[in-house]
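Observations on chain architecture
Each chain, letter by letter, is given below.
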Amino acid sequence: MSGSEGPVLRRTIHSDRPLSLRHTLSPHRRGRSDPTHRTLPDGTIWRTSLFASGAVTYRLRQPSRTEVVADVWGKGAEEFVATVPGLIGMLDDATGFAPEHRILVEAARRLTHLHLGRTGQVFEALVPAVLEQKVHGVAAFASWRRLVTRFGTPAPGPAPSGMAVSPPPEVWRRIPSWEFHRANVDPKRARTIVEAARVADKLTPIVDMTHDDAYRRLRLVPGIGEWTAAEVCQRALGDADALSVGDYHLAAVIGWSLVGAPMTDDEMVAYLEPLRPHRYRAVRLLEVSGMAVRPKFGPRTAITDHRFH
């Protein structure tokens, strides 16, 4: 096999524990039309990324519960293949996770294949997280799709049609304000992305920092708060304790699922405190298990079109 930038590299991973590409990589998908992520009906996952050595398109397949095959095209191929174990969750360590609630105990028993993956790509996780701040997911996904398609580069190799690579920080930094406006991104989120792009080289080192230090570094960027920092750390670092405090629905879901009543953010934080450093792991188990209770309280978040404001 060969791609547009030379022969494909292949890495086959054998694990001593069951894996699930679908569950481990699903948090990285930003809507059904995400140009950087495509899941095929047979479970094959295609993704794009930008490494220091260049852009890549990679294809992940899972022939068995303990085997993953990664094929990669592009100039960053060799750099990417070294990250595959972390990406598919093999570096995830659940030591010390001992929930007492029967739902979490049952979810952990059933979902032994659910692991938290890490991309190591801080800025690539940051931009879509900022776009999702305080807006409906549908609107954020549309903004991400438009901006990546408009300012990114075509995916290398034989990627599915329409896939693209998210642009580097220097390109995000130069996107004109009117282009953000056309993508339905308000000035505050646009400024946050541009400011983060200016200091992207100072954010990359958080992959080797502790949980607290990573949060502190991210939150030095104006416009990045606790929720955004958590969303970035979940995906780029595989941080098992990155609780998305401030999420529009999360506290209510945790409350109704585990105690049968709604919670505030503060109540959720207090309730999950005994599960440190695995609070995000508990959330993912609840989400994936299908045992989460998602009651309907009032209208959904409104979809705001900032292009007409």
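The rules behind the values
- Residues numbered from 1 in each chain as written.
- Predicted model: local features only at pLDDT ≥ 70, side-chain atom pairs only at ≥ 80, totals over all residues.
- Heavy atoms only, no water.
- Helix = DSSP H or I, 4+ residues; strand = E, 2+ residues; numbered from the N terminus.
- Buried < 20%, exposed > 50% of the residue type's maximum accessible area, 1.4 Å probe, protein only.
- Polar contact = N/O pair within 3.5 Å; in protein donor to acceptor, adjacent residues only side chain to side chain.
- Salt bridge = Lys/Arg side-chain N within 4 Å of Asp/Glu carboxyl O.
- pLDDT = per-residue confidence, 0-100.
- Contact = heavy atoms within 4.5 Å.
- Arc of directions from axis to C-beta.
- Core = buried A, V, L, I, M, F, W, Y, C linked by side-chain atoms within 4.5 Å.

**Describing the environment of Arg-216**
Mapped onto the fold, Arg-216 is located in helix 11 (residues 211-219). With relative accessibility at 52%, the residue Arg-216 sits in the exposed group. Expressed as a C-alpha distance, the spacing of Arg-216 and Val-185, which sit 31 residues apart in the sequence, is 25 Å. A polar side-chain atom of Arg-216 sits 2.4 Å from a polar atom in the side chain of Asp-213.

**Section: the pattern of salt bridges**
Tallied over the full model, the rule gives 16 salt bridges. When the shortest N-O distance is used, the salt bridge between Arg-189 and Asp-186 registers 2.5 Å. Grouping residues by exposure puts Arg-189 and Asp-186 together as buried. The partner of Arg-235 in a salt bridge is Glu-231, with the nearest N and O atoms 3.0 Å apart.

**A short note on unusual backbone geometry**
Each neighbour pair has its own omega, and for Arg-276 with Pro-277 the value is 0 degrees, a cis peptide bond. By secondary structure assignment, the location of Pro-277 is in the loop between helix 14 (265-272) and helix 15 (279-289). A positive phi angle, near 55 degrees, is found at Lys-134, a position not held by glycine. Structurally, Lys-134 is set in the loop between helix 5 (122-131) and helix 6 (137-151). On the basis of relative accessible area, Lys-134 is assigned to the exposed category, the value being 84%. The backbone of Asn-184 sits at a positive phi, close to 65 degrees, despite the residue not being glycine.

**Re the confidence of the model for the chain**
Summing up the model confidence of the chain, the mean pLDDT is 93 and the portion of residues at 70 or higher is 93%. Below pLDDT 50 for its whole length, residues 1-6 participates in 17 contacts with residues either more than four positions away or in separate chains.

**Description of helix 4 (residues 102-110)**
Every buried residue of helix 4 is listed here: Ile-103, Leu-104 and Ala-107. Projected down its long axis, helix 4 carries its buried residues within an arc of 95 degrees, all on one side. Residues of helix 4 that are exposed and point more than 90 degrees away from the buried face comprise Arg-102 and Arg-109. Along its buried surface, helix 4 packs onto helix 13 (250-258) and helix 15.

**Concerning the nonpolar core**
With 40 residues, the main nonpolar core has Val-122, Leu-126, Leu-147, Trp-172, Phe-180, Leu-218 and Val-232 as its most contacted residues. Of all elements in the fold, only helix 5, helix 6, helix 7 (169-174), helix 9 (187-198), helix 10 (200-203), helix 11 and helix 12 (226-237) reach the threshold of two or more residues within this core. Counting residues per element, this core draws most heavily on helix 5, at eight residues. Each residue touching Val-122, except ones within four places of it in the same chain, is listed here: Leu-203, Thr-204, Ile-206, Val-207, Leu-218, Val-232 and Ala-236. Of all hydrophobic cores here, the second largest spans 26 residues; its members include Ala-107, Leu-116, Leu-272 and Ala-292.

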